Amino acid sequence: MKKKIVSALLVSTMVATAFAGCGSKAEETTDTAATESTDASAEDSSTDDAIANLIAATEGTVNIDLWCSETEEYQTVMKKLCDDFAAQYPDVDFNITLGAVSEADMKDRVLEDVEAAADVFVFPDDQLEALVKAGALNEVAAQYTYDMNETDTEATVEAGQYDGKQYGYPFTASNGYFLYYDKNQLSDEDVASWEALTAKAEELGKEVGCEIANGWYLYGFFQGAGCTLTENEDQSNNCDWNNETGLAAAESLQTITSSKAFKAYGNDDLLANLNDGKVAAYVSGTWNVNAFSEAYGDGYAATKLPTFKVNGEDKQMASYSGYKFVGVNAYAENTGWSMLLAEYLTNAASQEAVYEATGEGPSNTEALAKASSPALDALAAQSEFAQLQRVGGNYWTPAESLGKNILDGKVSQKVLDDAVAGITQPVE
Amino acid sequence: MKKIGNYFKDFGQAVVHGDIWVKLSLVIMGAGYFGRKQFVRGILMTLLEVGVLASIFGVFAPYLSKLNTLGTVQREEVFDIVTMKKTVNDYDNSLLILLYGIIAILVIIAFIVLYLQNIKAVYRIQKMSENGEHINNIKDDIASFKNERFHITLLTLPSIGVILINIIPILFMVCIAFTNYDENHQPPSYLFTWVGFKNFVNLFTTSQTITFGYAFIRVLIWTLVWAVLATATTFLGGILLAQFINHEDTKFKGMWRTLFVITIGIPQFVTLLLISKMFGDNGIVNTFCSNVGILDFFKNIGLLNAGDACIPFLSRPIWAHITIILVNIWVGIPYQMLVATGILMNIPSDQIESAKIDGANKFQIFWKITMPYVMFITGPSLIQSVIGNINNFNVIYLLTYNYQTTNMAMANSHANEVDLLITWLFRLTNEYSNFKMASVIGIVTFVVCAALSLLTFSRMIGGDKEGVYR
Amino acid sequence: MKKTWKIVGRHIFLAVLAFIWLIPIFWLVVTTFSVEKGINTNHFFPEQWTLANYHQLFFEPDAAANFPAWFKNSMIIGVFSCLVSSIFVIMTAYAFSFIEFKGRKKLMSFSLILGMFPGVLSMIAMYFILKMLGLTDSVVGLIILYSGASGLGYLILKGFFDTIPTSLHEAAKLEGASEATIFAKIVVPLSKPMIVYTVINSFLNPWMDFVMVRLMIKSKDAADWTMALGLFNLLQRALVNQYFAYFCCGGLMIAVPISILFIIMQKFYVEGVTGGAVKG
């Protein structure tokens, strides 16, 4: 694939330079470089040439809108990266505007009016499918400054694909969940299983938990127990959570949640109670890393998700691995520059800068090697039990309702049957 | 039918009997006025004609011609990896075709009516001049807009606003209900097209996979119960509170009123959100209740199961329904009190005086004089407020935006027990991009409202009650 | 003596009611002084008090929160939509109440029916109409949006106009006043209380709307938002833990203009009593 692009680039560069008798200086120098150098540097120079062509073809100000998370850390680091990007091309006049949009809502905000949405935006992997289906994402047809297949982890690159085409530039690889705990209160054995965890928490009079009434987390239990949930071609789902294993898992989960110490807080309630010192361990992700490290102080620790008993057997809880991507709007005003900006924001140096500012784990292997924190280590430990999220839109509401039923202690074969019927309902 | 027949008959007569100026008006609409030396009118009319025709052929024609299919050319893009430029074909946008098509049809209808009226008016002027009557000059025309045509002066701008902001969007969304506009057919990248009544059939279907029918009935019932209860409680409460504050024995009337009105001052999305936090499963009220022992009390009297960890104020059916109604009373009474205060102060005092002299007691005065008077003024708005409550998005959405249903059949159609039709369709559009079903639900909501009000409002403004208090 | 107790009881009852009504407001007020920036659902009162939130509100705009700009935008939109829609409402109500013209009842019925269609649904179409006119992301567009259809809300005012004696109208006509003069010089001054109500309502609508504006303003620069949009945005998952106290401050500050408006306008309500002079 890569080779094909490069050769295509080379040929057309020749053609372009042959025709362009009055080409700029940059073109001439790269042309000679391309003919004289070895294969490897030819690659560089031909892509450089495409960029040089773009610079030459660019007139007036290049306006690029960039939407990313509204948190202060994100805005600051992205602003700096954009300025650096603009500084790389002194001949071009850039006007890069940053917009603050919550990542969880990115898809909704973009799809309201794709034509008015940002040219470049950051989105989590679970929105990829909806964005592609609405035709909002530009395919990554070629890369000019680095090759993600060489620099980024395979899993991340794959998560940015849909129907075999690459749509997202890998940005972070730490959007999954794991267990935060206070090691001053809980030992390694305590956090190994949900049964031990709830028992210890009851003894301490503290709280532990996981947001069960949310399909994203609930998946981890059923998948861990050995059930399956997969997506079909037409975006409907396959699901066998109503089989014997599923029922056993649901009942086991119901037993765990019936503990006085178990809480299924949403994010707001979690943070409020965490600050009050009530929560000793909770399933969450890097977005709460500051809250947990402040609340636990020197006891701050994180680990893979606990096991839980299904039919008397310990099963490791699974999870969704989460990624963030930078996407280019299919309706972007300056597709070329938007792609270059997206590349710049996701290269090794930028990912490192983002990691340092926000604590989110890079997807770039080089940047990842330099990053280390309890949260990222926990994610790495969980990663062998984590799956790429590929699920059709009909999953979420029934799964949320199933979780609520489990919390209310209403598990039955019928509830599971109904949930599966909803999850697997056909898509028109 | 006969009226329409006459309409065209008049037009035919005007054409047949009209003189050269009238006939010329068939082509140049201002001609008839030029013939009678009404130059300003003539120029305006001709300009209007040119403008409308230009916009129809210049702007609307391409959209209008595709209205039957809503577009056939899907967007295709080719990215050139060398020049880094993208070329896109000339694609159709179903959404714009529909929208522009609707506007074009409205413009054409309005133009035809104007055209016919114009010929008739020109013919009328011809007759007047034949009879030697006075023909209005521009000054007279302007003066007439301050007098016998004052209603036109008053209503023109509001009507334009209503057409733009209300009628066109409504027509548009009604049309959507007959298309397959959903997450798999989103313009501008993809096309949607007409599908007839399929979506309506779906709404009333209940099977294991399509549960719209099941959810719809339940949502509809709660919507109606809510609308009636919410309106009745706040309306009565507001009047009583206003009466209470206006009573001669009450000191510091202004202060009391202000205290209640402060709650209006703070936007609903702030107060309601706070309240939803307070009454949440882990909120302050629950903490308080379990500390004081109310939680155990509820368990003892059987309102809650022994295993419940909190009072599910906003997280279980019935509980949530009651909480919502109570919170709405909190929200609504200050508004109603304000309205009632304004009205109560205008009650004809002579009626009350004479009733007092006749020996009527306070309750009799309230029910026999105050209430009829208040009902007379606010009656029509009461129906509006029932309809407003059917469409009351804020209270329900802000209080229950993270409500989770345990009813699988509801969940499968993205509904829940506390949803009104309006919040349901909002989530369908906002979170699931299911515009076609949302439109169908919208139309049904509209039909419900229309049916409700037809029963009552014809009596309110249709009857001859308007003059009673004059 | 019995009478005194009754009066005291009356006031105690009012005080209890007012207390219930003010609890959430009170929580809002104390939260604005909280050191902790997130929501705390476990305590009513903050554990530590500070004024820093107010300082942040007024002097430290950042990427997510820019209260001064929001306030300005909302004020402009609010005032102009209020002007336009009040005028529309008054004009429509007058036409329907005093002028007997052809098709009047039909128009009234039609307008009632229009009001029944759920507005949430037609928002998408409104957005594209504004886009067609090139008015998205503009103050003018929002003003049109908020005031355009306001003519439909004429019913309450018309109900009030209907109580103004026709004799007054006829007498003025006999003296040679035009409809326009009667409208401006007689009816409008007579209807102050209800007009005040109309004005307050027309101001509140754009001032507090967060559903429509979310769709209509596409700019993601916080300085372009309105207050309701900006504050509502602070409740997003990623922000609420940092900005809840800020949100409360903002919510409280929104209330200030409304409260001032009401205190000024309240005397008109009291004047409503002397409005009885109409009858004389």
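No experiment lies behind these values; they were computed from the predicted model shown.

**Concerning the sheet that holds strand 1 (residues 61-68) of chain A**
Residue and element names in this part refer to chain A.
- Taken together, the 5 strands give an open sheet; going across it, the order is 2-1-3-17-6, and neighbouring strands pair in mixed fashion. Of all strands in the sheet, those with a lone pairing partner are strand 2 (93-100) and strand 6 (169-172), marking the two edges. Strand-to-strand twist in this sheet, taken as the mean axis angle between neighbours without regard to direction, amounts to 25°.
- As paired elements, strand 6 and strand 17 (residues 324-328) share 3 bridges and run antiparallel to each other. Note on strand 17: the bridge partner recorded for proline 170 is phenylalanine 325.
- On top of the sheet, helix 14 (residues 335-346) reaches strand 1, strand 3 (120-124), strand 6 and strand 17; it is set at about 165° to strand 17, its chief contact.

**Focus on the nonpolar core**
- Ranked by size, the top nonpolar core spans 317 residues in total, and within it Leu66(A), Phe121(A), Leu179(A), Ala281(A), Leu425(B) and Tyr94(C) carry the most contacts.
- Considering every element that reaches this core, the biggest residue donor is helix 3 (residues 67-98) of chain C, with 15 residues.
- Apart from the residues lying within four places of it in its own chain, the contact partners of Phe121(A) are Leu66(A), Trp67(A), Cys68(A), Met106(A), Val110(A) and Gly327(A).
- Residues Ala14(B), Val22(B), Val122(B) and Tyr123(B) belong to the second largest nonpolar core, which totals 7 residues.

**Points about the pairing of strand 12 (residues 279-284) of chain A**
Residues and elements named next belong to chain A.
- The buried fraction of strand 12 is high, at 6 of 6 residues.
- Pairing analysis gives 4 bridges linking strand 7 (residues 178-182) to strand 12, with the strands arranged antiparallel. Bridge pairing links tyrosine 181 to alanine 281 in strand 12.

**Side note on unusual backbone geometry**
Residue and element names in this part refer to chain B.
- With an omega of 0°, the peptide bond between proline 187 and proline 188 qualifies as cis.
- Backbone geometry places methionine 84, a non-glycine residue, at a positive phi of 60°.
- Among the structural elements, methionine 84 can be located in the loop between strand 1 (77-80) and strand 2 (85-88).
- Overall, methionine 84 belongs to the buried group, with 23 C-beta atoms counted inside 10 Å.
- Located in the positive-phi region is phenylalanine 252, a residue other than glycine, with phi close to 50°.
- Tracing the backbone shows phenylalanine 252 in the loop between helix 9 (212-246) and helix 10 (253-265).

**Topic: the packing of helix 14 (residues 319-344) of chain B against helix 10 (residues 192-208) of chain C**
- Two elements in contact, helix 14 of chain B and helix 10 of chain C, have axes whose closest approach is 9 Å; the angle formed by their N-to-C orientations is 165°. With respect to helix 10 of chain C, the axis of helix 14 of chain B lies roughly antiparallel. Handedness of the helix 14 of chain B/helix 10 of chain C crossing: left-handed. Within the contact between the two elements, helix 14 of chain B uses Leu338(B), Val339(B) and Gly342(B) and helix 10 of chain C uses Pro193(C), Met194(C) and Tyr197(C).
- For the contact of helix 14 of chain B with helix 10 of chain C, the class distribution of residues is 5 nonpolar, 1 polar and no charged.

About the criteria used
One numbering rule holds for all chains: residues counted from 1, following each sequence as written. To label them, take the chains in the order written and letter them from A, then take the ligands in the order written and number them from 1. This being a predicted model, a pLDDT of at least 70 is required before a residue's local features are given, and a value of 80 or more before pairs of side-chain atoms are given or counted; all residues contribute to the totals for chains, interfaces and linings. Here a strand pair is declared whenever DSSP counts at least two bridges between the two strands. Going along the chain from the N terminus, every DSSP run of H or I of four or more residues is numbered as a helix, and every run of E of two or more is numbered as a strand. Each axis is a line fitted through C-alpha atoms, taken for helices only over the stretch in contact, and angles between the N-to-C directions span 0 to 180 degrees. We call two residues in contact whenever the C-beta atoms placed from their backbones are within 7 Å. The term nonpolar core refers to a group of buried residues, namely Ala, Val, Leu, Ile, Met, Phe, Trp, Tyr and Cys, whose C-beta atoms join them within 7 Å. The exposure label follows from counting other C-beta atoms within 10 Å of a residue's C-beta, where the C-beta atoms are placed from the backbone and the thresholds are 20 or more for buried and 12 or fewer for exposed, leaving partly exposed in between. Here roughly perpendicular refers to angles of 65 to 115 degrees, roughly parallel to angles under 35, roughly antiparallel to angles over 145, and oblique to all remaining angles. Each crossing is labelled by how the near helix is turned from the far one, with a counterclockwise turn of less than a right angle marking it left-handed and a clockwise turn marking it right-handed. Polarity classes work like this: nonpolar for Ala, Val, Leu, Ile, Met, Phe, Trp, Tyr, Cys and Pro, charged for Asp, Glu, Lys and Arg, and polar for all others, with Gly in that last group.

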